[in-house]
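Breakdown of the fold
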Amino acid sequence: MSSTDPASFPVIESLDAFPADLKGGIVAIGNFDGVHRGHRAVLDAALGLGHGTHHPVYAMSFEPHPRTVFNPSKPVFRLTPPQQKLDLLRLCGLDGALILPFTREFAGIEANAFVQDILIDTLGISHAVTGYDFHFGRARQGTPDYLRSAGADHGFGVTIVQREEDEGAEVISSTRIRDSLSRGEIAQANGLLGYRWFFEADVRHGDKRGRDLGYPTANMSLTEDCPLKQGIYAVKVRVDGAWHDGVASYGRRPTFDNGAALFEVFLFDFAGDLYGKTLRVHLVSYLRGEEKFDSVEALIAQMDRDSEEARAALGSLQPLSELDMKLLDLSA
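Keep in mind that what you see is a predicted model, and the values were worked out from it rather than measured. Throughout, a residue's number is its position along its own chain's written sequence, starting from 1. Per-residue local features are limited, in this predicted model, to residues with pLDDT of at least 70; the limit for side-chain atom pairs, both in listing and counting, is 80 or more; totals at the level of whole chains, interfaces and linings are taken over all residues. As a rule here, side-chain values cover all heavy atoms of the structure and leave hydrogens and water aside.

For the exposure calls, accessible area comes from a 1.4 Å probe over protein chains only, and a residue counts as buried if that area is under 20% of its type's maximum, exposed if over 50%, partly exposed in between. Helix and strand labels come from DSSP, where a helix needs a run of H or I of at least four residues and a strand needs a run of E of at least two; each type is numbered from the N terminus. For strand β4 (residues 97-101), a buried count of four out of five residues is recorded, marking the element as mostly surrounded by other parts of the structure. Each pair of strands is called paired provided DSSP finds at least two bridges between the two strands. Sheet analysis places strand β1 (residues 11-12) next to β4, joined by two bridges and oriented parallel. Of the residues in β4, the one forming a bridge with Ile12 is Leu98. For strand β3 (residues 57-63) and β4, the ladder comprises five bridges, and the chain directions are parallel.

Moving on: the pattern of salt bridges. Put simply, a salt bridge is a Lys or Arg side-chain nitrogen that is within 4 Å of an Asp or Glu carboxyl oxygen. Summed over the entire model, instances satisfying the criterion amount to 18 salt bridges. Linking Glu63 and Arg78 is a salt bridge whose minimum nitrogen-to-oxygen distance equals 2.8 Å. On the criterion of sequence distance, the pair formed by Glu63 in strand β3 and Arg78 in the loop between α2 (66-70) and α3 (82-91) is long-range, its members being 15 residues apart. Comparing Glu63 with Arg78 shows no difference in burial state: the two are buried. Salt bridges sharing common partners tie together Asp33, Glu63, Arg78, Lys85 and Arg178.

In these notes, a set of buried Ala, Val, Leu, Ile, Met, Phe, Trp, Tyr and Cys residues joined through side-chain atoms within 4.5 Å is what counts as a nonpolar core. Of all hydrophobic cores here, the largest spans 56 residues; its most connected members are Trp197, Leu228 and Phe263. Should any heavy atoms of two residues lie within 4.5 Å, those residues are counted as being in contact. Excluding residues within four positions of it along the chain, Phe263 makes contact with Phe199, Ala218, Asn219, Met220, Leu222, Leu228, Val235, Ala248, Ser249, Tyr250, Val281 and Leu283. Among the nonpolar cores identified, the runner-up in size contains 27 residues, and Phe102, Ala111, Phe114 and Phe134 belong to it.

Written out as structure tokens, the structure reads:
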């Protein structure tokens, strides 16, 4: 029985620890970085097959991302780091997740060994569901057609989910979403994800300049490989389980020091100490690019306008999907 309760969502990180109650299940296989609409088509197909049956439905994914393993000098930016990916998989209604360590050795196993040793002997699957572009095994021998044939030979079902397209008939992919974030096209990124893109980060001490401006901010650092366009955003932020609306600036503060990039959040109607806390920040809309102002007074006047625009954007917020509703607790 699937659950949105984290305590009842098993995460298995070794084949040796695979639990008996998931054996014979329906497995959705993929990297699932972002758990975007294309990924959820795979997950939904697996959940649909399991509906009304006794078969558990779980995801098989891999860490770290294969592209990072094969090209460590250029690690792929993760739309959803491991824990966030697990949170999303859980909220999708699965019965658990099997996260296999991805190494060059793992990538080099023969496709028939992947099927026999993992899918059959260890997992005892009844059905496998993958996307149209999923490959496995040495030299990517394990094509969708190979998996279909293996299923027919060994007695398990196989469903290959075709590409999921957006409203413009373009394929939905993690790469497109990363590119959208880099251009500040937050509405497009969120539309492809089917929920508001979010990140989690710890609040660090800053120079306290925001207090003097009347906009005390919570300062956070994003990962060095984050492609997010610098600028001003309307955001929803979870603090200690409670939600707050806010406006955020991501950039180098060209009016002042042009220093290292920081993500600075001002929460509306909030009073409290945020230092050391971990915030979850959802990007709702991109308001404008970062600018250098001739005076502090001009900067404050623009910040007032930004806050008004952010409040308007947040005041008309509607869920993008059932998953978005769950993430933002909009169902309450």
